Amino acid sequence: MKFNKLTTVTFALFLLGASASAQKKDSFVREKAAIDYINKSFSVYDNLQKSIWGYHELGFLEEKSSALLQKHLEENGFTVEKGVAGEPTGFIATFGSGSPVIGILAEFDALSGLSQDTVPYRKAIEEGGNGHGCGHQLLGTGAVAGAVAISKWLKATGTKGTVQLFGTPAEEGGGGKVFFAQDGLFNATDAVLDWHPGGRNAVSAHATLARLSTTYHFTGKASHAAGGPDKGRSALDGVEALDYMANLIREHIPMSSRIHYVITNGGGLSPNVVPAEAEVSYYVRAKNIEELLDLADRVDNAARGAALGTDTEVTIKRLAGAIYPVLPNKSFSLLIQKNLERVGGIEWNVEELAFAKGIAKESGIKEEDLENVKTVVPYTEKDFGGLSYGSSDVGDVSWNVPVGSFNAAAFIPGAPGHSWQNVAVGGTTIGTKGALTAAKVFALTAIDLFTVPALLKGIRTDFDASRGKDFKYQPIVPGKPELDYRVKK
Ligand SMILES: [Zn+2]
Ligand SMILES: [Zn+2]
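Residues numbered from 1 in each chain as written. Chains lettered and ligands numbered in written order. Predicted model: local features only at pLDDT ≥ 70, side-chain atom pairs only at ≥ 80, totals over all residues. Heavy atoms only, no water.

Draft legend 1. Structural context of the overall build of the protein chain. Of the regular secondary structure elements, the protein chain holds 14 helices and eleven strands. A compact globule built from 489 residues would reach a C-alpha radius of gyration of about 23 Å, and the protein chain, at 24 Å, matches this within 12%. With the C-alpha coordinates of the protein chain rotated into their principal frame, the extents come out at 85 × 55 × 40 Å. A burial count over the protein chain gives 54% of its 489 residues as buried. Put simply, of all contacts in the protein chain between residues at least 6 apart along the chain, 82% involve residues at least 24 apart. Accessible surface computed for the protein chain: about 20,700 Å², of which carbon and sulfur atoms make up 54%. (Helix = DSSP H or I, 4+ residues; strand = E, 2+ residues; numbered from the N terminus. Rg over C-alpha atoms; globule rule 2.2 N^0.38 Å. Buried < 20%, exposed > 50% of the residue type's maximum accessible area, 1.4 Å probe, protein only. Contact = heavy atoms within 4.5 Å. Areas by Shrake-Rupley, 256 points an atom, 1.4 Å probe, with all protein chains shown as cover.)

Draft legend 2. Structural view of the coordination of the zinc ion (ligand 2). The protein atoms that coordinate the zinc ion (ligand 2) are Cys134 (SG), His136 (NE2) and His196 (NE2), at distances of 2.0 to 2.3 Å. Within one chain, the residues donating to the zinc ion (ligand 2) are spaced in sequence as C-x1-H-x59-H. Distance-wise, the zinc ion (ligand 1) is placed 3.2 Å from the zinc ion (ligand 2), both being coordinated by cysteine 134. Summarising the burial analysis for this pair, cysteine 134 and histidine 136 share the class buried. (Donors = N, O, S within 2.8 Å, 3.2 Å for Na, K, Ca; no water.)

Draft legend 3. Region of the structure containing the packing of helix 9 (residues 330-343) against helix 14 (residues 453-467). The contact between helix 9 and helix 14 brings their axes to 7 Å, and the two run at 140 degrees. The angle between helix 9 and helix 14 falls in the class oblique. On helix 14, the residues that touch Lys330, Ser331, Phe332 and Leu335 of helix 9 are Leu455, Gly458, Ile459 and Asp462. Counted by class, the contact of helix 9 with helix 14 contains four nonpolar, two polar and two charged residues. (Axes fitted to C-alpha atoms, helices over the stretch in contact; angles between N-to-C directions. Parallel < 35°, antiparallel > 145°, perpendicular 65-115°, else oblique. Nonpolar A, V, L, I, M, F, W, Y, C, P; charged D, E, K, R; others polar.)

Draft legend 4. The side chain of threonine 445, seen in detail. By the element assignment, threonine 445 lies in helix 13 (residues 429-451). For threonine 445, a relative accessible area of 0% puts it in the buried group. A distance of 3.0 Å separates polar atoms of two side chains, one belonging to threonine 445 and the other to asparagine 339. With near-sequence residues (within four places) excluded, threonine 445 lies in contact with Leu193, Phe332, Leu335, Ile336 and Asn339. (Polar contact = N/O pair within 3.5 Å; in protein donor to acceptor, adjacent residues only side chain to side chain.)

Draft legend 5. Layout of the sheet that holds strand 2 (residues 91-97). Here seven strands make up an open sheet; going across it, the order is 1-2-4-3-5-11-6 and the pairing mixed. Bordering the open sheet on either side are strand 1 (79-82) and strand 6 (202-204), each of which pairs with just one other strand. The average undirected angle you get between the axes of adjacent strands in this sheet is 25 degrees. Pairing of strand 2 with strand 4 (residues 161-167), which is carried by seven bridges, proceeds in the antiparallel orientation. Across the sheet, the residue bridging to threonine 94 is glutamine 164, located in strand 4. Sitting on the sheet, helix 5 (residues 136-157) is in contact with strand 2, strand 3 (101-106), strand 4 and strand 5 (191-198), with an inclination near 155 degrees to strand 3. (Pairing = 2+ DSSP bridges.)

Draft legend 6. Main features of the nonpolar core. Within the largest apolar cluster, 80 residues are counted, with the highest numbers of intra-cluster contacts made by Leu73, Leu165, Trp195, Ile412 and Leu449. If one sorts the elements of this core by residue count, helix 13 sits on top with 13 residues. Residues in contact with leucine 73, not counting those within four places in the same chain, are Phe78, Val80, Phe91, Ala93, Val144, Val148 and Leu165. Core analysis: the next-biggest nonpolar cluster, separate from the first, contains 50 residues, Ala210, Ala235, Ile259 and Tyr282 among them. (Core = buried A, V, L, I, M, F, W, Y, C linked by side-chain atoms within 4.5 Å.)

Draft legend 7. Local environment of the coordination of the zinc ion (ligand 1). Coordination of the zinc ion (ligand 1) by the protein involves Cys134 (SG), Glu172 (OE) and His418 (NE2), with metal-donor separations of 2.0 to 2.3 Å. Written as a sequence motif, the donor arrangement for the zinc ion (ligand 1) is C-x37-E-x245-H.

Draft legend 8. Region of the structure containing the side chain of threonine 162. Looking at where threonine 162 falls in the secondary structure, it is placed in strand 4. Residue threonine 162 is classed as buried on the basis of its relative accessible area of 7%. Leaving out residues up to four positions away in the same chain, threonine 162 has contacts with Thr94, Phe95, Gly96, Ser97, Gly98, Pro100, Val101, Ile102 and Phe450.

Draft legend 9. The arrangement of the sheet that holds strand 8 (residues 258-265) in detail. Overall, antiparallel pairing links the four strands, which are arranged 8-9-7-10 in an open sheet. What marks the edges here is a single partner per strand, and that holds for strand 8 and strand 10 (313-318). Averaged over all pairs of adjacent strands, the angle between strand axes in this sheet comes to 20 degrees, irrespective of strand direction. Sheet topology note: the strand 7 (residues 210-219)/strand 10 ladder contains six bridges and is antiparallel. Bridge pairing in strand 10 places phenylalanine 218 opposite valine 314. Contacts from helix 7 (residues 235-249) reach strand 7, strand 8 and strand 9 (277-286) within the one sheet, and its direction differs from that of strand 9 by about 20 degrees.

Draft legend 10. Quick peek at the pattern of salt bridges. A complete count under the given rule lists 22 salt bridges for this structure. For aspartate 36, the salt bridge identified is with lysine 32, shortest N-O distance 2.6 Å. Placement of both aspartate 36 and lysine 32 in helix 2 (residues 32-40) is noted, with a separation of four residues, approximately one turn of the helix. A salt bridge links glutamate 291 to lysine 287; the nearest nitrogen and oxygen atoms lie 2.8 Å apart. Its relative accessible area of 21% is what places glutamate 291 among the partly exposed residues. Owing to a relative accessible area of 38%, lysine 287 belongs among the partly exposed residues under this scheme. By sharing partners, the salt bridges in this structure join Asp26, Arg30, Glu31, Lys338, Arg342 and Asp448 into a single network. (Salt bridge = Lys/Arg side-chain N within 4 Å of Asp/Glu carboxyl O.)

Draft legend 11. Looking closely at unusual backbone geometry. Cis geometry is found at the peptide bond from serine 99 to proline 100, where omega equals -5 degrees. Following the sequence through the fold, proline 100 ends up in the loop between strand 2 and strand 3. One non-glycine residue, histidine 418, adopts positive backbone phi at about 50 degrees. Relative to the helices and strands, histidine 418 is located in the loop between strand 11 (403-409) and helix 12 (420-426).

None of this, on its own, says anything about what the molecule does.
Spelled out as structure tokens, the structure:
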């Protein structure tokens with residue numbers, strides 16, 4: 001009997017007793033060593049995530065956060081390769097031997113300007129300080145907990161196979177994973193698991209936008225703005241002319257594309273000096289690489305036109321770390337959905353619920369929306385392959401090896417991304433519960449992949465079909481990581 005790819009996976013799921021909705025109380029008999037470990041280690045991972053929350057280190061500067069996760073992995077028998085891909089805080093931790101090799105992605109960078117205490121209202125610990133507004137302390141901790149749980153299971157059952165934990169720095173704008181991909185660090189991995197803290201428990205079966213970052217540095221001539229204006233050429237004029245043209249271009253781009261910019265060097269401090277230097281930093285985003293590069297070229301041309309028209313000079317620098325759109329994988333999504341449903345939703349205790357209600361009240365979120373964390377969002381066919389307008393360096397991983405992604409509820413449903421609300425709640429046990437839900441889904445999914453070869457085969461078939469037979473990965477902008485992109489100059 002010959003199965004097509006979907007039938008192979010469906011059949012394999014059937015063998016696993018995958019009618020998840022029928023399993024109200026799951027006893028996790030086969031996965032006992034992994035799930036028991038996670039259940040008894042709540043305080044270990046609660047401390048770990050709260051420590052990283054407290055470090056709130058920015059991209060490529062995550063020294064303490066990375067070291068803490070590495071130490072924990074080493075203490076649990078993992079071999080850690082440090083400073084990979086030219087990133088001092090990047091690492092790969094490995095446990096076990098032989099095939100299959102299952103990877104898990106971990107992030108741990110924070111965001112600037114989002115300092116926030118663990119209280120249900122806006123209160124910075126340090127005005128303008130950093131905060132974990134994207135929950136990457138949970139992302140990293142949940143991933144590590146999952147990897148360690150899988151190692152316990154591999155050991156307890158004597159199963160052949162390898163689990164790899166990829167410690168990937170600087171997701172927020174630094175493109176840490178791109179350089180892992182550029183160095184071929186995913187080449188020996190069969191499948192990679194990934195999660196992100198969210199306001200719900202759901203598989204992420206959507207694509208994201210590709211993204212490219214460019215800086216435009218304009219140079220003019222300084223002079224007295226009143227006494228000798230004819231001798232001056234304003235670099236700020238160059239920036240303004242570019243921004244004006246970019247805003248005209250905006251009308252004539254595909255619906256899914258995006259252009260945004262910040263002026264990183266505003267061209268002086270005093271109006272009576274014609275600014276000689278000014279700089280603007282752009283992101284362009286698009287649903288595929290072709291549209292991305294076309295848009296980037298159009299903005300580059302606008303910059304050249306702006307320099308010509310203002311008699312200034314422009315230096316154009318495309319930053320390495322530009323990212324691919326995420327390539328979703330249907331078979332992987334179905335497998336993760338089954339395991340999300342086995343793990344089930346999250347129950348908050350009285351204090352956690354009161355804290356969540358406080359945030360909801362403060363943020364105009366309906367209290368009944370908080371119920372969403374108790375359930376798993378059902379998978380529907382139409383959800384597959386949709387588009388999310390953000391970008392992630394998981395994209396580059398997903399063109400090198402099949403990636404399966406999901407959300408677990410670690411934030412308040414309906415709270416905005418990159419917000420004080422996410423920092424506040426992420427630093428409590430609400431965040432830890434989300435991270436350990438993710439850890440369980442990692443463990444169950446990896447164990448399925450270790451024990452049912454047809455699953456990995458189905459995932460690989462989907463991957464080959466959607467990536468295309470002749471695809472050869474190349475980073476969009478080859479180069480070295482911009483290790484100081486978050487260092488204030
Ligand atoms: Zn983010
Ligand atoms: Zn994030």
